[in-house]
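Coordinate analysis (summary)
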Amino acid sequence: MLPDPQRFLAVSGRRIARAEGAAQVVRELCLSTVPDLADGVFVYLAEQRRDPDGPLRLRLDGVSAELGGLMGGTPPAVAPVPSDGVLAGFLRCGAARGRGPDDVEEALRELLGTASRLPQGNRVLLAPLRAPDAVVGVAVFLRRIDREDFVVDDIALADALAAQAALGVSEDTGAPQARPAAMPKAPDEDRLRYVGAATRRIARGFDTDEIVLGLCRAAVPTYSDAALVYLRDPLPVGDERPAGPAVLRLRRTDRIKGPGAEGLVWPAETVNDEQGDLDAADWSEVVPGGALAEVLRGVRPVFADDPATRVALSELVGEDSALNGWAGTHAILAPLRGRRRVTGAVVFLRRPERPAFEPADLLVAAQLATHTALGVDKAVLYSREAFIADRLQRAMLPHSLPRPTGVRLAVRYLPAAETARVGGDWYDAIPLPGSRVALVVGDVMGHSMTSAAVMGQLRTTALTLAGLDLPPQEVLHHLDEQAQRLGTDRMATCLYVVYDPVSHRMTVANAGHPPPILLHPGGKTEVLAVPPGAPIGVGGIDFEAVELDAPAGATLLLYTDGLVESRLRDVWTGIEQLRERLAATAQLTGPDRPPPLEALCDEVLDMLGPGDRDDDIALLAARFDGIAPSDVAYWTFDPEVGSPGRARRLTRQALADWGLEELTDTAELLVSEIVTNAVRHASRPISLRLLRTEVLRCEVGDDVPQLPRLRRASPEEEHGRGLFLVNRLARRWGTTRLGTGKNVWFELGGPAG
């Protein structure tokens with residue numbers, strides 16, 4: 001049984017309800033149930049019969065890609081259903097059944113034939129797709145033999161999903177048939193049944209456009225011949241009080257057309273020739289004290305059978321609109337009132353030759369308008385919340401990437417599907433002392449504002465810890481402690497990599513995250529063997545770090561599980577597919593030329609198929625260029641008086657060997673100032689390193705943890721001007737506290753120098 005059947009039914013039912021068309025309904029039914037409820041699903045839909053009393057035939061409409069070896073042989077494409085057979089009686093019953101007490105063996109044989117082999121035990125469910133008026137098909141759910149049998153609760157879930165799918169299929173298959181021009185005169189019971197179905201269709205909408213579309217499709221042609229929907233522009237959100245007069249914008253018009261409307265030739269003056277829409281004004285200002293304002297203030301739907309209402313209709317659709325001729329009880333003007341205020345209006349029209357609306361139809365219009373207005377309120381609030389959450393999460397991610405020495409970077413971030421856009425994935429690239437760089441990818445579990453907030457806190461903590469230049473395993477240890485301080489259920493996975501372009505090595509520590517993939521220069525791909533570790537937040541777990549080669553020209557890919565895991569595949573299957581995708585992309589450019597980073601990221605994301613976006617995705621690609629040994633010079637000096645002079649001489653010689661004589665004077669001066677300051681305070685050997693890349697970088701390290709401060713010395717002082725010179729002459733400079741002291745660095749030259 002599923003751990004949370006109510007949530008599963010809510011999410012799956014919503015997906016199926018939002019599908020448009022029988023094919024999409026079947027697809028969503030399969031995607032929603034595999035693999036959580038079943039390992040395989042296939043669906044038969046009823047063929048449309050010319051003769052309503054003719055025999056029923058079922059045609060195979062969809063087979064899940066995960067069906068695999070669950071069933072021996074191929075399901076028959078068409079299955080006739082004898083009216084006196086067991087299958088027909090089962091379909092008429094309308095409830096899902098399985099083996100055991102509810103044995104369905106004979107019905108399965110009639111549907112699939114005797115040659116088909118099905119899983120043993122109660123691992124097969126047969127669920128009729130029964131709409132309110134007819135059977136529209138049947139679904140078969142299968143489980144593998146290594147999985148537990150279906151239980152009573154599973155059967156109930158399958159039954160509920162089949163009923164939801166049947167409603168969507170029946171609406172689609174009923175669309176091409178002859179469409180009645182108006183809701184037939186029926187007792188109150190039929191009218192209530194119509195209102196129930198129509199409001200469910202409206203409530204199915206997820207955003208404003210879908211809700212308005214649901215209203216039009218529910219109203220035309222069953223309730224009216226035409227419908228026009230106006231909404232306020234802009235739509236108010238929550239308790240906002242719009243400034244200025246209300247302005248209504250035409251959002252959608254709908255009318256009878258196509259099959260079933262051959263005898264309804266619309267007057268040319270009522271239809272826009274270019275778009276086929278009804279002739280109505282696109283904008284309408286609600287004048288305070290005017291007829292339209294009075295109708296909207298009254299909230300209740302009204303007939304256009306008195307002068308005041310006809311004026312209100314004219315103000316809404318425009319004085320020159322031919323629709324003004326539709327008056328009396330053939331037109332209903334219904335305000336759309338949400339929780340706090342009127343958000344629009346809808347006009348229902350019936351042609352003059354059709355039966356007019358009845359007083360009871362005003363109640364129907366009120367129900368349709370109320371559910372539409374509440375749905376619009378809900379959609380606007382959700383849209384605002386999703387926008388805020390999305391902005392919040394993106395604000396917590398890096399706005400731009402650094403450009404560290406010896407490595408090129410590219411990133412991608414994709415939010416999750418519309419039903420769960422807020423997530424906790426993050427990435428980072430943090431420059432470290434010694435021209436190293438920390439590459440971080442993490443994923444906070446869950447999809448909520450809380451997940452995004454926890455992500456921001458953990459990312460800030462990681463930035464702080466990286467600034468202390470702690471080993472990767474220590475960074476993860478402190479992140480684990482921070483997650484426990486945030487709450488017992490705050491868990492995340494994280495991968496922390498430190499790359500050294502001088503040594504061409506990387507140190508990797510993992511906290512329950514999918515392993516990185518390394519694309520070698522020759523095109524070979526490798527899933528790096530790093531200790532998996534426990535997720536951050538578990539507590540009491542030691543993290544391990546491994547040191548690996550990072551050859552020049554190789555590409556390291558860090559990613560979150562949203563890229564490789566979905567309902568259609570497990571993590572390790574996705575990782576293997578990702579590795580194969582990288583290898584195939586590398587072959588396009590050949591073994592001597594690695595693929596461009598940006599194009600590589602796009603190719604990786606192209607592996608995502610429909611239904612794969614269950615989670616947000618963070619992707620970080622790093623191309624290791626490295627720094628050649630010939631471009632590095634390194635020395636150590638004892639903290640003595642002669643060390644600054646020796647540092648100047650070695651710097652001059654190194655720049656001469658590199659052909660950078662134009663930088664010699666400035667470099668000597670700044671190196672002398674920094675080394676002199678280190679000699680004055682250090683007690684252990686001082687290090688000096690020069691790196692030649694697109695700029696000249698000089699790094700001086702000592703064992704004194706106190707960081708120097710930039711200050712302006714007074715004229716009578718003999719010291720304190722070293723950093724002032726560095727600040728004025730260097731392209732960039734900085735200081736970093738290390739575990740054993742500090743590092744002072746500056747850069748000269750470069751494209752601008």
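The model shown is predicted, which means the values in this text are computed figures rather than measured ones. (Residues numbered from 1 in each chain as written. Predicted model: local features only at pLDDT ≥ 70, side-chain atom pairs only at ≥ 80, totals over all residues. Heavy atoms only, no water.)

**Let's talk about the overall build of the chain**
To keep things clear, this is the line we draw: Helix numbering and strand numbering both begin at the N terminus, where a helix is a DSSP run of H or I of at least 4 residues and a strand a DSSP run of E of at least 2. We call a residue buried when its accessible area falls under 20% of the maximum for its residue type, exposed when it is over 50%, and partly exposed in between, using a 1.4 Å probe and counting protein chains only. Only heavy atoms enter the contact rule, under which two residues are in contact if any of them lie within 4.5 Å. All accessibility values rest on the Shrake-Rupley procedure with a 1.4 Å probe; residue burial counts only the protein chains present in the view.
When helices and strands are tallied, the chain shows 17 helices and 27 strands. The buried share of the chain, taken over its 753 residues, is 51%. For the chain, the proportion of contacts with a sequence separation of at least 24, taken over those separated by at least 6, is 69%. As presented, the chain carries roughly 34,400 Å² of accessible surface, and 51% of it is formed by carbon and sulfur atoms.

**With respect to a nonpolar patch on the surface**
What counts here: Only residues whose relative accessible area exceeds 30% and that take part in no salt bridge are eligible for patches, with like-charged residues grouped when within 9 Å of each other and nonpolar side chains (Val, Leu, Ile, Met, Phe, Trp, Tyr) grouped when within 5 Å. Throughout this description, the term salt bridge denotes a Lys or Arg side-chain nitrogen within 4 Å of a carboxyl oxygen of Asp or Glu.
A contiguous nonpolar patch, built from Phe387, Ile388 and Met449 and spanning about 280 Å² of accessible area, is present on the exposed surface. The residue isoleucine 388 is located in helix H10 (residues 359-396) in this model.

**Some words on the confidence of the model for the chain**
The criterion, for reference: For every residue, the predictor states its confidence as a pLDDT score lying anywhere from 0 to 100.
On average, residues of the chain carry a pLDDT of 81, and 85% of them reach 70 or more. In this model, residues 175-187 is a region of pLDDT below 50 whose contacts with residues beyond four sequence positions or in other chains number 31 contacts. Low pLDDT, under 50, characterises residues 258-269; the predicted model gives this stretch 21 contacts beyond four residues in sequence or across chains.

**Let's talk about the nonpolar core**
Note the cut-off: Buried residues of nine kinds, namely Ala, Val, Leu, Ile, Met, Phe, Trp, Tyr and Cys, make up a nonpolar core once their side-chain atoms join them within 4.5 Å.
One finds Leu439, Leu476, Leu479, Met506, Leu556 and Phe624 to be the most contacted residues of the largest nonpolar core, which totals 51 residues. When residues no more than four places from it in sequence are discounted, the contact partners of leucine 476 are Cys494, Tyr496, Ala509, Asn510, Ala511, Ile536 and Phe543. Listed in part, the 33 residues of the second largest apolar core include Cys216, Ala218, Ala365 and Leu368.

**Here we look at the sheet that holds strand E12 (residues 342-349)**
Note the following rule: A pair of strands is considered paired only if DSSP assigns at least 2 bridges between the two. Here an axis means a line fitted to C-alpha atoms, over the contact stretch when the element is a helix, while the angle between two N-to-C directions is reported on a 0 to 180 degree scale.
If you walk across this open sheet you meet the six strands as E9-E8-E7-E12-E11-E10, and the pairing is antiparallel. A strand with exactly one partner marks an edge of an open sheet, and here the two such strands are strand E9 (283-285) and strand E10 (302-304). Taking the axes of each pair of neighbouring strands and ignoring which way they run, one obtains an average angle of 30° across the sheet. For E10 and strand E11 (residues 328-337), the ladder comprises three bridges, and the chain directions are antiparallel. Each bridged residue has a counterpart across the sheet, and for phenylalanine 303 the counterpart in E11 is isoleucine 332. On top of the sheet, helix H7 (residues 208-219) reaches strand E7 (226-232), strand E8 (247-255) and E12; it is set at about 45° to E8, its chief contact. Packed on one face of the sheet, H10 meets E7, E10, E11 and E12 and runs near 30° to E11.

**Notes on the packing of helix H16 (residues 664-681) against helix H17 (residues 722-729)**
Put simply, the rule reads: For this classification, under 35 degrees means roughly parallel, over 145 means roughly antiparallel, 65 to 115 means roughly perpendicular, and everything else is oblique. Should the near helix be turned anticlockwise from the far one by less than a right angle, the crossing is termed left-handed; should it be turned clockwise, right-handed. Gly falls in the polar group here, along with every residue not listed as nonpolar (Ala, Val, Leu, Ile, Met, Phe, Trp, Tyr, Cys, Pro) or charged (Asp, Glu, Lys, Arg).
H17 packs onto H16 with a crossing angle of 150° between their chain directions and a minimal axis gap of 9 Å. Relative to H17, the element H16 is oriented roughly antiparallel. Along this stretch, H16 crosses H17, giving a crossing that reads as left-handed. When H16 is examined against H17, the residues Thr666, Leu669, Leu670, Glu673 and Ile674 are found in contact with a partner set consisting of Gly722, Leu725, Val726 and Leu729. Counted by class, the contact of H16 with H17 contains six nonpolar, two polar and one charged residues.

**Here we look at the pattern of salt bridges**
Pairing between side chains of opposite charge can happen when their charged atoms approach one another. As enumerated under the stated definition, the model contains 26 salt bridges in all. One salt bridge in this structure joins aspartate 233 and arginine 249, with 3.2 Å as the shortest N-O distance. Of this pair, aspartate 233 sits in the loop between E7 and E8 while arginine 249 sits in strand E8; the two residues are 16 residues apart in sequence, bridging distant segments of the chain. Glutamate 294 serves as the salt-bridge partner of arginine 297, at 2.5 Å between the closest nitrogen and oxygen. On the criterion of helical spacing, the pair formed by arginine 297 and glutamate 294 is a turn pair, its members being three residues apart in helix H8 (residues 291-298). Exposure remark for glutamate 294: the relative accessible area of 45% places this residue in the partly exposed category. Among the ionic contacts, a cluster of salt bridges with common partners joins Arg689, Arg697, Glu699, Arg731, Arg732 and Glu747.

**Remarks on the side chain of aspartate 443**
Here aspartate 443 is to be found in strand E15 (residues 437-444). Residue contacts for aspartate 443: discarding those within four places in its chain leaves Gly424, Asp425, Trp426, Ala492, Thr493, His513, Thr560, Asp561 and Asp615.

**What about the environment of alanine 246?**
As for its position among the elements, alanine 246 is in the loop between E7 and E8. Its relative accessible area of 17% is what places alanine 246 among the buried residues. A C-alpha to C-alpha distance of 5.4 Å links alanine 246 and valine 286, two positions 40 residues apart in sequence. Filtering out sequence-adjacent residues up to four positions away, alanine 246 remains in contact with Arg232, Ser284, Glu285 and Val286.

**Overview of the pairing of strand E21 (residues 555-559)**
When a strand is regular, its side chains alternate between the sheet's two faces. Counting buried residues in E21 gives five out of five residues, a clear majority hidden from the surface. Burial along E21 is two-sided: Thr555, Leu557 and Tyr559 facing one way and Leu556 and Leu558 facing the other are all buried. Pairing geometry for strand E18 (residues 517-519) and E21, over three bridges, is antiparallel. Bridging across to E21, leucine 519 finds its partner in threonine 555. One ladder, built from five bridges, connects E21 with strand E22 (residues 617-624); its direction is antiparallel. Pairing of leucine 557 across the sheet is with alanine 621, part of E22.

**Some points on the sheet that holds E15**
Taken in spatial order, the five strands make up an open sheet running E14-E15-E16-E17-E20, and their pairing is antiparallel. Where the open sheet ends on each side, the last strands, each with one partner, are strand E14 (424-431) and strand E20 (545-549). Recorded for the sheet is a direction-independent mean angle of 15° between the axes of neighbouring strands. Of the strand pairs in this sheet, E15 and strand E16 (residues 492-500) are connected by eight bridges, and their pairing is antiparallel.

**Some points on the pairing of E7**
Summarising burial for E7: seven of the seven residues are buried, a large majority. Pairing geometry for E7 and E8, over seven bridges, is antiparallel. Directly across from tyrosine 230, in E8, lies its bridge partner leucine 250. Strand direction decides the pairing type here: E7 and E12, joined by six bridges, are antiparallel. Bridged to leucine 231 within E12 is glycine 344.

**Here we look at the side chain of aspartate 631**
The following threshold applies: Within 3.5 Å is the distance limit for a polar contact, defined as a pair of N or O atoms, with the added protein rule that one can donate a hydrogen and the other accept it, and that residues adjacent in sequence qualify only through two side-chain atoms.
Positionally, aspartate 631 belongs in the loop between E22 and strand E23 (632-637). Within the local environment of aspartate 631, its side chain forms a polar contact with the side chain of arginine 692, the two groups lying 2.4 Å apart. Aside from chain neighbours lying at most four places away, what touches aspartate 631 is Trp658, Leu690, Leu691 and Arg692.

**Let's talk about unusual backbone geometry**
Of the consecutive residues valine 34 and proline 35, the connecting peptide bond is found in the cis state with omega at 5°. Tracing the sequence through the fold places proline 35 in the loop between helix H2 (22-33) and strand E1 (40-46). In this structure, proline 221 follows valine 220 across a cis peptide bond, with omega equal to 5°. Within the element layout of this structure, proline 221 appears in the loop between H7 and E7. Despite not being glycine, aspartate 469 shows a phi value in the positive range, around 60°.

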